[in-house]
Amino acid sequence: MAANMYRVGDYVYFENSSSNPYLIRRIEELNKTATGNVEAKVVCFYRRRDISNTLVMLADKHAKEMEEESETTVEPDLTDKQKHQLKHRELFLSRQYESLPATHIRGKCSVALLNETESVLSYLDKEDSFFYSLVYDPSVKTLLADKGEIRVGPRYQADIPEMLLEGESDEREQSKLEVKVWDPNSPLTDRQIDQFLVVARAVGTFARALDCSSSVRQPSLHMSAAAASRDITLFHAMDTLYRHGCDLSSAISVLVPLGGPVLCRDEMEEWSASEASLFEEALEKYGKDFTDIRQDFLPWKSLTSIIEYYYMWKTTDRYVQQKRLKAAEAESKLKQVYIPTYSKPTVNIVTGTGPPKPGVNGAVGGFPVSSPLLGRACESCFATQSHQWYSWGPPNMQCRLCATCWLYWKKYGGLKMPTQTEDEKLCPSPTTEDPRVRSHLSRHSLQAPPGRDSGSPRSAVKTRQAFFLHASHFTRFARQACRSSLRLRQAARRPFAPINHAAIRAEYADRHAELPGSPQRSRTPRKPLACIIGYLAEIHPSKKPNVIRSAPSLQTPATKRMLVPQSHTPLSILGKRNYSHHNGLEELTCCVSD
């Protein structure tokens, strides 16, 4: 019964999705809606998975600094599993409020502010226990240290000097020390002091009557007398009396100088009615966070002025009235609510068509033969048997968790065991030190079919549509013969960019001319079109022309035709290539025999 009773101030789990981890919230109010349902106004806490990687690195840096400054010795034998699970216990407080249905509460937890004298490993021994040390602002995406941190440690302690011996001189700078402003051992009696204070109040009331701004703010004599009786007037009177050696006549003459009576006003009188209204609105929103109050509501006021006004405002009737109203509202609101244990099955439960074996659901007999999850181990602990299995992750991955790891995922927002990627980051495997081995493994993981040899879905890789890039003969030749012009590294990054054929031909021509013993290439004069037409008219239609071709060079047997300069003759009716190219007469080196 007590476990299902939730009160204001409790830290609870909220479920907003069946597949996502629980939300961690603190109950601020319990309100009953018009429909009879109960809504909880809660403060939001965020996990590491909810913030960006940049802020996660900033949080790690802050944790390292706290570890270096901590008095306690950090355990050196911290295992990878402990490091992994400690990240799931860290939260980030926010000033954000939201309203959630009370029926979405799934249990209680504990959240505490981490201090320097406490070890973070103590949270691993406690179930449903979390800690926080930073404040997250979701609107501007920033992390700041919590202003309410417990100041424990040597840097927060006062340095007590050694006691001076009798007759030893004090070498400290006296101007930096405190100044005595009152001595109770005075020749005046208490009655004389009270009479002097009455005179000081009367002077203060008369000074407010002469001041135009004070007359507007305190239009009645009663209000002026009340303002003159505040502490600021009494402090000024006692200080004046002490500075004049408790001489009443001299002190009274100072209260009323030649220019008129002295007017002493505190922050309550300096602030206008609109500024006081803004302060009350900001106090309702931010509480006693005076820095945010000054930044968002009263930027023209100093922080000292706001704090001084707050403690004076608490002595007014306005504060007493608001306190009574809040107490009356709190009486009308709910103080606790009973939420029964949630027992409805989640949609993530993995079920099979066949009857499961008693006591075991999934690994042994809970799936049909055609089920893709048959025989797969838990994604976190690699267990093969569990009384219940839950689907986890993207549907195409077809991963699952056992009942224990599923509960850990819902509460702490992560897997109980470190993943393979994190293991490789913490301690790289010696078998993958060779970059060629790593590249081969990554290439194999991308090209291999999504098979599962170990029974775990880790080896499943989403298949990608393959493509084949076919290089032309000219490109293949340029890779070997003209590497300086082609620049293979730059060309490989842009495989679809066109290659500068003219530059490659020029480089090859220069290199081929420099080779010793290479034959001089002579350009064969092209036969006129009339000569070719006459030849075709003379031969028999059934007789094929005896074309004598030049023997290809032994040095460049496959590239001679490719390196022939491009013809700039006008285009013929056969397309972009001329007649000679279509009929194989491009390289004739002798006359055609009849």
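Anything mentioned here points back to the structure above.
Reading the values: the criteria
Residues numbered from 1 in each chain as written. Predicted model: local features only at pLDDT ≥ 70, side-chain atom pairs only at ≥ 80, totals over all residues. Heavy atoms only, no water. Helix = DSSP H or I, 4+ residues; strand = E, 2+ residues; numbered from the N terminus. Buried < 20%, exposed > 50% of the residue type's maximum accessible area, 1.4 Å probe, protein only. Contact = heavy atoms within 4.5 Å. Areas by Shrake-Rupley, 256 points an atom, 1.4 Å probe, with all protein chains shown as cover. Arc of directions from axis to C-beta. Salt bridge = Lys/Arg side-chain N within 4 Å of Asp/Glu carboxyl O. Axes fitted to C-alpha atoms, helices over the stretch in contact; angles between N-to-C directions. Parallel < 35°, antiparallel > 145°, perpendicular 65-115°, else oblique. Left-handed = near helix turned anticlockwise from the far one by under 90°. Nonpolar A, V, L, I, M, F, W, Y, C, P; charged D, E, K, R; others polar. Pairing = 2+ DSSP bridges. Core = buried A, V, L, I, M, F, W, Y, C linked by side-chain atoms within 4.5 Å. Phe/Tyr/Trp six-rings, centres within 6.5 Å; stacked < 30°, edge-to-face > 60°.

(A) Here's a closer look at the overall build of the protein chain. Within the protein chain, the secondary structure is distributed over 21 helices and 11 strands. Split into buried and exposed, the 594 residues of the protein chain put 30% on the buried side. Across the protein chain, every contact between residues at least 6 apart in sequence was considered, and the portion connecting residues at least 24 apart equals 63%. When the accessible surface of the protein chain is totalled, it reaches about 40,000 Å², and 56% of it is carbon and sulfur.

(B) Helix α16 (residues 473–481), seen in detail. Where α16 is concerned, the buried positions are Phe474, Thr475, Phe477, Ala478 and Ala481. End-on view of α16: buried residues confined to an arc of 165°, all on one side of the axis. For α16, the exposed residues set more than 90 degrees away from the buried face come down to His473 and Gln480.

(C) The pattern of salt bridges, seen in detail. For the structure on display, the rule yields 17 salt bridges. Between Glu15 and Lys410 there is a salt bridge; the shortest N-O distance is 3.2 Å. Highlighted residues: Glu15 in the loop between β2 (11–14) and β3 (23–32) and Lys410 in helix α13 (residues 403–412), separated in sequence by 395 residues. Per residue, the accessibility class of Glu15 equals that of Lys410, and both read buried. Connected through salt bridges with shared partners, the residues Glu15, Arg106 and Lys410 form a single ionic network.

(D) Structural view of the packing of helix α3 (residues 190–210) against helix α5 (residues 221–228). Contact geometry of α3 with α5 gives a least axis separation of 8 Å together with a crossing angle of 130°. One finds that α3 runs oblique with respect to α5. Taken as a pair, α3 and α5 cross one another with a handedness that is right-handed. Here Arg201, Gly204, Thr205 and Arg208 of α3 come into contact with α5, specifically with Leu221, Ser224, Ala225, Ala227 and Ala228. Considered class by class, the residues forming the contact of α3 with α5 number four nonpolar, three polar and two charged.

(E) Fine view of the side chain of Ser305. Its place among the elements puts Ser305 in helix α11 (residues 303–313). When neighbours within four sequence positions are excluded, Ser305 is seen to be in contact with Glu267 and Trp271.

(F) Spatial organisation of the pairing of strand β10 (residues 389–392). Summarising the sheet, β10 and strand β11 (residues 399–402) pair through four bridges and their orientation is antiparallel. By the bridge assignment, Trp392 is partnered in β11 with Cys399. Hairpin connection, β10 to β11: the antiparallel pair is bridged by six residues, and Gly393 has positive phi, about 90°.

(G) Molecular detail of the nonpolar core. Ranked by internal contacts, the top residues of the largest apolar core, which has 16 residues, are Ile24, Phe45, Leu91, Cys109, Val111, Phe130 and Tyr132. Among the secondary structure elements, those contributing two or more residues to this core are β2, β4 (38–46), β5 (90–101), β6 (105–113), β7 (129–137) and α13. Setting aside chain neighbours within four positions, we find Leu91 in contact with Ile24, Phe45, Tyr46, Arg47, Val111, Phe130, Phe131, Tyr132 and Ser133.

(H) Looking closely at the pairing of strand β8 (residues 142–145). Judged from the four bridges that link them, β7 and β8 form a sheet pairing that is antiparallel. Across the sheet, Leu134 pairs through a bridge with Ala145, a residue of β8. With antiparallel pairing between neighbouring strands as the criterion, β7 and β8 make up a hairpin whose turn holds four residues, including Lys141 at a positive phi of roughly 60°.

(I) Geometry of the packing of aromatic side chains. The full count for this structure, using the stated rule, is 20 aromatic pairs. Consider the rings of Phe45 and Tyr132, whose centres lie 5.9 Å apart with planes at 65°: the pair is edge-to-face. Separated by 87 residues along the polypeptide, Phe45 in strand β4 and Tyr132 in strand β7 bring together distant segments of the chain. The burial state of Phe45 is the same as that of Tyr132; both residues are buried. An angle of 75° between the planes, with centres 5.0 Å apart, marks the rings of Tyr310 and Tyr311 as edge-to-face. The class for Tyr310 is buried, based on a relative accessible area of 8%.

(J) Up close: the packing of α3 against helix α7 (residues 248–255). Taken N-terminus to C-terminus, the directions of α3 and α7 make an angle of 15°; their axes are 11 Å apart at the nearest point. With respect to α7, the element α3 is oriented roughly parallel. Where α3 crosses over α7, the handedness of that crossing is right-handed. Mapping the contact onto sequence places Gln192, Phe196, Ala200 and Val203 in α3 and Leu248, Ala251, Ile252 and Leu255 in α7. Looking at the contact of α3 with α7 residue by residue, the classes come out as seven nonpolar, one polar and no charged.

(K) Expanded view of the environment of Lys410. The exposure class of Lys410 is buried, given its relative accessible area of 3%. Expressed as a C-alpha distance, the spacing of Lys410 and Glu15, which sit 395 residues apart in the sequence, is 8.8 Å. Those residues within four positions of Lys410 in sequence are excluded, and the remaining contacts are Glu15, Ser17, Ser18, Ser19, Asn20, Pro21, Tyr22 and Arg47.

(L) Representation of the environment of Leu278. With respect to the helices and strands, the residue Leu278 is situated in helix α9 (residues 273–286). Sequence separation of Leu278 and Phe297 is 19 residues, and the distance between their C-alpha atoms is 6.6 Å. The residues touching Leu278, leaving out its near neighbours within four places in the chain, are Phe297, Leu298 and Trp300.

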